[in-house]
Amino acid sequence: SYDDPNVFKLISTGNTKAIFQLESAGFQKFMKELRPTCIEDIIAGVSLYRPGPMDFIPRYVHNKHNPEDVTYAHPILEATLKETYGVIVYQEQVMRVVQDMAGYTLGQADNVRRIMGKKQKDKMPAEKEKFLKGASERGVDTAIAEQVWAEMANFASYAFNKSHAAAYSYVTYQTAYLKCYYEPEFLTSVLNNRITNMDEIKNYVAYCREEGIEILPPDINKSQTYFSVSKDGKIRFGLGALKNVGIALVDDIIQERNEHGEYKDIQDFINRMGDTAINKR
């Protein structure tokens with residue numbers, strides 16, 4: 001399930017380093033303000049944190065924490081916008097609004113989504129007239145319909161579709177869950193994913209230490225090619241992350257160690273690795 005309160009508590013602290021989508025300083029600040037309590041908040045957050053929709057973030061955050069302040073331009077919008085605290089967030093909501101408020105068919109609503117999303121300005125006036133006419137026939141005041149249309153048109157050119165945001169957000173939740181309950185193992189995997197990028201290695205090694213996770217030094221007899229985690233939650237530096245060594249050569253060193261035991265000293269190491277590509281450097 002995707003409703004673990006401990007996961008949302010972690011995200012709400014802004015401690016989102018290494019969590020998919022939420023790692024940037026701006027996103028950390030946003031999550032601390034939002035204090036998400038459900039997967040819907042994460043999906044909306046991923047959708048809102050981009051140019052255009054970002055303008056709606058203060059309203060979304062305020063309405064989440066002050067539900068009594070949520071308002072709708074017309075009661076017909078409540079069913080569609082209730083889950084996002086009265087804010088239009090997704091392309092699917094635009095489609096639903098034109099259906100409910102102006103009687104569009106699903107196909108016609110999808111056409112509006114495409115026109116707005118692709119910023120086809122030449123088609124907007126005719127579509128607007130059609131929307132206003134349909135809304136009027138359903139008893140919606142023209143001024144209200146104008147207001148709703150303007151907000152949709154302004155937003156939809158940048159909006160995500162919810163299915164896209166949801167797919168991202170499930171990965172966000174999964175990485176947050178792993179960090180919440182298996183942080184050493186999770187960060188070990190993050191380090192291994194960046195094994196050839198020394199700047200990223202330094203970045204995440206420093207972060208592990210901030211989190212109180214001990215980083216054991218590289219050891220010719222204990223390290224693996226990649227970073228590894230011990231039973232007591234300590235992370236052992238992977239030999240493959242060392243400069244001027246290389247994954248292939250480290251694999252040879254590990255294989256020799258596995259087959260013939262630990263290296264006794266530097267001379268033993270040199271003698272046993274003499275036929276490989278190892279050199280003075």
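Since the model is a prediction, treat every value here as computed from it, not as a measurement. By convention here, each chain's residues receive numbers from 1 onward along its written sequence. Selection of residues for local features in this predicted model requires a pLDDT of at least 70, selection of side-chain atom pairs for listing and counting requires 80 or more, and totals for whole chains, interfaces and linings are taken over all residues. To obtain the side-chain values, all non-hydrogen atoms of the structure were included, while hydrogens and water were left out.

Trainee: So what about the overall build of the protein chain? Which residues, and what values?
Mentor: Looking only at helices and strands, one finds 14 helices and 3 strands in the protein chain. Both definitions apply: the radius of gyration is a C-alpha atom measure, and the globule rule equals 2.2 Å times residues to the power 0.38. Computed over its C-alpha atoms, the radius of gyration of the protein chain comes to 27 Å, more than 25% above the 19 Å expected for a compact globule of 281 residues. For the protein chain, the spread of C-alpha atoms along the three principal axes comes to 90 × 40 × 25 Å. Looking at the protein chain as a whole, 43% of its 281 residues qualify as buried. A contact between two residues is defined here by any heavy atoms of the two lying within 4.5 Å. For the protein chain, the proportion of contacts with a sequence separation of at least 24, taken over those separated by at least 6, is 56%. Under the DSSP-based scheme used, a helix requires at least four consecutive residues in state H or I and a strand at least two consecutive residues in state E, with every element numbered from the N terminus. We call a residue buried when its accessible area falls under 20% of the maximum for its residue type, exposed when it is over 50%, and partly exposed in between, using a 1.4 Å probe and counting protein chains only.

Trainee: An account of the sheet that holds strand E3 (residues 235–236) is requested, with residue identities and associated values reported.
Mentor: Across the sheet, 3 strands lie side by side as E1-E3-E2; this open sheet has mixed pairing. Every other strand in the sheet has two partners, leaving strand E1 (215–216) and strand E2 (228–229) as the edge strands with one partner each. Here, a strand pair is defined by DSSP locating no fewer than two bridges between the strands. Judged from the 2 bridges that link them, E1 and E3 form a sheet pairing that is parallel. Bridge pairing in E3 places leucine 216 opposite arginine 236.

Trainee: Tell me what's going on with helix H10 (residues 162–181), and back it up with residues and numbers.
Mentor: Every helix has an expected span of 1.5 Å times one less than the residues it contains. Its 20 residues give H10 an end-to-end C-alpha distance of 28 Å, which sits within 8% of 28 Å, the value for a rise of 1.5 Å per residue. For H10, the set of buried residues is Lys162, Ala165, Ala166, Ser169, Thr172, Tyr173, Thr175, Ala176 and Lys179.

Trainee: Can you tell me about helix H1 (residues 5–12), naming the residues and giving the values?
Mentor: When H1 is considered as a whole, its buried residues turn out to be Val7, Phe8, Leu10, Ile11 and Ser12. Looking at the buried side of H1, the elements it contacts are helix H2 (25–34), helix H3 (39–48) and H10. A distance of 2.8 Å separates the backbone nitrogen of asparagine 6 from a side-chain oxygen at the start of H1, and that oxygen is part of aspartate 4. Immediately beyond the C-terminal end of H1, within one or two residues, lies glycine 14, with a positive phi of roughly 85°. By the criterion applied in these results, polar contacts are pairs of N or O atoms within 3.5 Å in which, for protein atoms, one can donate a hydrogen and the other can accept it, and in which residues neighboring in sequence qualify only through two side-chain atoms.

Trainee: I'd like a description of unusual backbone geometry, backed by residues and values.
Mentor: Residue alanine 18 is not a glycine yet carries a positive backbone phi of 80°. Topologically, alanine 18 is positioned in the loop between H1 and H2. For alanine 18, a relative accessible area of 11% translates into the label buried. One non-glycine residue, glutamine 21, lies in positive phi territory at about 80°. Within the fold, glutamine 21 resides in the loop between H1 and H2.

Trainee: Help me get a handle on the side chain of serine 47, residues and values and all.
Mentor: By the secondary structure assignment, serine 47 is in helix H3. When its relative accessible area of 1% is taken as the criterion, serine 47 is described as buried. A distance of 3.0 Å separates a polar side-chain atom of serine 47 from the backbone oxygen of isoleucine 43. Leave out the neighbours within four places in its chain, and serine 47 touches Pro53, Val89, Tyr90, Phe160 and Ala165.

Trainee: Talk me through the packing of H2 against H3; I want residue IDs and the actual numbers.
Mentor: A fitted line through C-alpha atoms serves as each axis, taken over the contacting stretch for helices, and the angle formed by two N-to-C directions is quoted from 0 to 180°. Remark: H2 packs on H3, axes separated minimally by 12 Å, with the N-to-C direction vectors making an angle of 140°. By the angle between their axes, H2 is oblique relative to H3. Crossing of H2 against H3: the hand is right-handed. Within the contact between the two elements, H2 uses Phe27, Phe30, Met31 and Leu34 and H3 uses Asp41, Ile42, Gly45 and Val46. Note on terminology: angles under 35 degrees are roughly parallel, angles over 145 are roughly antiparallel, angles of 65 to 115 are roughly perpendicular, and the others are oblique. Each helix crossing is assigned a hand: it is left-handed if the near helix lies turned anticlockwise from the far helix by less than a right angle, otherwise right-handed if that turn is clockwise.

Trainee: Outline the pattern of salt bridges, supporting the account with residue identities and numerical values.
Mentor: Salt bridge, as used here: a side-chain nitrogen of Lys or Arg that lies within 4 Å of a carboxyl oxygen of Asp or Glu. Using the criterion set out here, one finds 16 salt bridges in the structure. We note a salt bridge from glutamate 146 to lysine 128, for which the minimum N-O separation is 3.0 Å. With glutamate 146 in helix H9 (residues 142–156) and lysine 128 in helix H8 (residues 124–137), this pair connects stretches of sequence that are 18 residues apart. Judged by relative accessible area, which is 33%, glutamate 146 ranks as partly exposed. One salt bridge in this structure joins glutamate 256 and arginine 272, with 2.9 Å as the shortest N-O distance. With a gap of 16 residues between them, glutamate 256 in helix H13 (residues 247–260) and arginine 272 in helix H14 (residues 266–272) connect regions that are remote in the sequence. Just as glutamate 256 is buried, arginine 272 falls in that class too.

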